[in-house]
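# Chains, contacts and geometry: an overview
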Amino acid sequence: MALVLSVGHIFWSQSIRYYMLVLAFQMLSIHEFLNGLQQPAFRSWLLAVLWLLLGMATHLSAALLAPVYGVFWTLTLLRSGAARHRGLTVIAFSVVIMGVSALGLYLLTALSGTMSFQTSPLPVGVLVRLVAYGGVPACGLALLACFSRERRSPAFAFWVLLVAVPLVEIVVIHRLNLWYAVWNHAMVSMVGIAVLAGYGWLALERSVPRRAALTVGCLAVGASLLLVMLYFTAAHGDRPRWRDATLALQRDMVHRAGARPDIYADVPGVVAHYLAVPPGETMGHPSVHQPDRRVPQPTVGRESYYVVEKRLLALQTAAWFREQCAEIGRFPARLIVRDRTVLVYRCSAMP
């Protein structure tokens, strides 16, 4: 339930569905890996690797799971009494996992020279996003799990590593500029949070009266449901409302005569799509331009329209729009602290 009610899981389920396919392959791989822990068998290890490779074939971020296996095996083999794990099957699995990790690193390095990178969140920002999108109630229960009696078990250690290792990898990838590192590449960590939340719930049931535990559970579920309700209502799916803004722009253009105006948008391809540009031509289409992040300069002799996200405007630029242009549309989309409101401005032609 913690995973199902998380806004991050819902958002990416609706936005880029191959991320969910990657997550499904990773969860299947984890299932076989844990089966192999209970009853070591070549079939389980083989399936764990195959599911992981299928995930990597879907999106390279699936490779972030491989070091989780590697770190866990290293810690397991270093523990006293772990000699029974030193079989040929385990050694072979460890070699394969190191190979998968090396393959992922090689592909990241190979692709780094062919891609341009944007500024990624700072390490604290990645953690904040994981907590926000994973759900504060689930993360709170996961922290409570640190006081459960199961915290000394190998399985518990695995789920902790599943939360921590991908986040560390995202930070390292960002620091080395190997990839455009964003929190959702480490979405498999949310599975670890959900499982640890289950441990936390068990610890709560054992330590407080049943009525108190049920009250806390209802509050946790209620808080998550409230966030989901906001997501589908006031937040408009936690997305900027580019379609509504483009329709407002079109309506305003219809009522005004004169030369064809210039159109600028934070996401030119999206606005071009809603302006009925054929799908294969939206990227780089001359009908919509990328705006200058500094103070814009309208074209001489023609009006200009700007479709911009409010939170991305610098103070100086926002002040210029208020003074020099007419606001013809404002389309709020707010989720607690995140404001994705879209503004539409019509700027008069320069004489």
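Residues numbered from 1 in each chain as written. Predicted model: local features only at pLDDT ≥ 70, side-chain atom pairs only at ≥ 80, totals over all residues. Heavy atoms only, no water.

## Looking at the pattern of salt bridges
Within this structure, the stated rule accounts for eight salt bridges. Among the salt bridges present, the one from Arg334 reaches Asp339, with a minimum N-O distance of 3.5 Å. A network of salt bridges, in which partner residues are shared, links Asp238, Glu309, Arg311 and Arg340. (Salt bridge = Lys/Arg side-chain N within 4 Å of Asp/Glu carboxyl O.)

## Here we look at the sheet that holds strand S1 (residues 262–265)
Pairing in this open sheet of four strands is mixed, and the strands run S1-S2-S6-S3 from one edge to the other. Each edge of the sheet is formed by a strand with only one pairing partner; in this case those strands are S1 and strand S3 (325–331). Taking the axes of each pair of neighbouring strands and ignoring which way they run, one obtains an average angle of 15 degrees across the sheet. Direction of pairing for strand S2 (residues 304–309) relative to strand S6 (residues 342–347): antiparallel, over a ladder of six bridges. Bridge pairing in S6 links Ser304 to Cys347. (Pairing = 2+ DSSP bridges. Helix = DSSP H or I, 4+ residues; strand = E, 2+ residues; numbered from the N terminus. Axes fitted to C-alpha atoms, helices over the stretch in contact; angles between N-to-C directions.)

## Observations concerning the packing of aromatic side chains
One pass over the full model with this rule turns up 20 aromatic pairs. The interplanar angle of 75 degrees and the centroid separation of 5.9 Å between the aromatic rings of Phe33 and Phe72 together place this pair among those described as edge-to-face. Of this pair, Phe33 sits in helix H2 (residues 17–38) while Phe72 sits in helix H4 (residues 66–78); the two residues are 39 residues apart in sequence, bridging distant segments of the chain. On the accessibility criterion, Phe33 (0% relative accessible area) is buried. (Phe/Tyr/Trp six-rings, centres within 6.5 Å; stacked < 30°, edge-to-face > 60°. Buried < 20%, exposed > 50% of the residue type's maximum accessible area, 1.4 Å probe, protein only.)

## Here we look at a nonpolar patch on the surface
A grouping of Phe42, Leu46, Leu50, Leu53 and Leu103 is seen on the molecular surface, where their side chains present a nonpolar patch of about 440 Å² in accessible area. Top element by residues in the nonpolar patch is helix H3 (residues 42–58). It accounts for four residues. Along the polypeptide, Leu53 turns up in helix H3. (Patch = residues over 30% accessible without salt bridge, like charges linked within 9 Å, V, L, I, M, F, W, Y side chains within 5 Å. Areas by Shrake-Rupley, 256 points an atom, 1.4 Å probe, with all protein chains shown as cover.)

## What about helix H11 (residues 242–254)?
Between its terminal C-alpha atoms H11 stretches 18 Å, which fits the 18 Å expected from 13 residues at 1.5 Å a residue. If you check which residues of H11 are buried, you get Trp242, Ala245, Thr246, Ala248, Leu249 and Asp252. Within H11, the buried residues cover an arc of 160 degrees as seen down the axis, which keeps them to one side. Among the exposed residues of H11, those oriented more than 90 degrees off its buried face are Arg243, Arg251 and Val254. (Expected span 1.5 Å × (residues − 1). Arc of directions from axis to C-beta.)

## Side note on the nonpolar core
Ile30, Phe33, Tyr69, Phe158, Trp159 and Leu162 are the most contacted members of the largest nonpolar core, which totals 63 residues. A per-element tally of this core places helix H8 (residues 154–176) first, with 10 residues. Within the second largest apolar cluster, 16 residues are counted, among which are Ala245, Ala248, Leu249 and Val271. (Core = buried A, V, L, I, M, F, W, Y, C linked by side-chain atoms within 4.5 Å.)

## Let's talk about the state of the cysteines
Here a disulfide denotes a covalent bond joining the sulfur atom of one cysteine to the sulfur atom of another. A complete count under the given rule lists one disulfide for this structure. Each sulfur in the disulfide pair Cys325 and Cys347 lies 2.1 Å from the other. Handedness of the Cys325-Cys347 disulfide follows from its S-S torsion of about 95 degrees: it is right-handed. Of the two residues, Cys325 is situated in strand S3 and Cys347 in strand S6; the sequence distance between them amounts to 22 residues. (Disulfide = S-S within 2.5 Å.)

## Looking at the packing of H8 against helix H9 (residues 188–207)
The interhelical angle for the contact between H8 and H9, taken along N-to-C directions, is 145 degrees, at an axis separation of 8 Å. Here H8 runs over H9; the crossing is left-handed. Contacts between H8 and H9 pair Ala155, Phe156, Trp159, Val160, Leu162, Val163, Pro166 and Leu167 from the former with Val188, Ser189, Val191, Gly192, Ile193, Val195, Leu196 and Tyr199 from the latter. Its residues assigned to classes, the contact of H8 with H9 comprises 14 nonpolar, two polar and no charged. (Left-handed = near helix turned anticlockwise from the far one by under 90°. Contact = heavy atoms within 4.5 Å. Nonpolar A, V, L, I, M, F, W, Y, C, P; charged D, E, K, R; others polar.)

## Here we look at unusual backbone geometry
Positive phi, normally seen in glycine, also occurs at His236, with a value near 50 degrees. As for its position among the elements, His236 is in the loop between helix H10 (210–232) and H11. His236 sits in the partly exposed class, given a relative accessible area of 37%. At Ala276, a residue that is not glycine, the phi angle is positive and equals roughly 75 degrees.

## Observations concerning the pairing of S6
Of all six residues in S6, six are buried; the element is thus mostly enclosed. The alternating pattern of S6 places Val342, Val344 and Arg346 and Leu343, Tyr345 and Cys347 on opposite faces, both of which are buried. Note: S3 against S6, six bridges, orientation antiparallel. Within S6, the position partnered with Glu327 by the bridge is Tyr345.

## Things to note about H2
Across its 22 residues, H2 extends 32 Å between first and last C-alpha, which sits within 8% of the 32 Å expected from 1.5 Å per residue. Within the span of H2, buried status applies to Tyr19, Met20, Val22, Leu23, Phe25, Gln26, Ser29, Ile30, Glu32, Phe33 and Gly36.

## Some remarks on the packing of H4 against H8
Running from N to C, H4 and H8 point in directions that differ by 135 degrees, and their axes come no closer than 9 Å. Put simply, H4 runs oblique to H8. Note on packing geometry: the crossing formed by H4 with H8 is right-handed. Within the contact between the two elements, H4 uses Pro67, Val68, Tyr69, Val71, Phe72 and Leu75 and H8 uses Pro154, Phe158, Leu161, Leu162, Val165, Pro166 and Glu169. The residue inventory of the contact of H4 with H8, partitioned by class, reads 12 nonpolar, no polar and one charged. (Parallel < 35°, antiparallel > 145°, perpendicular 65-115°, else oblique.)

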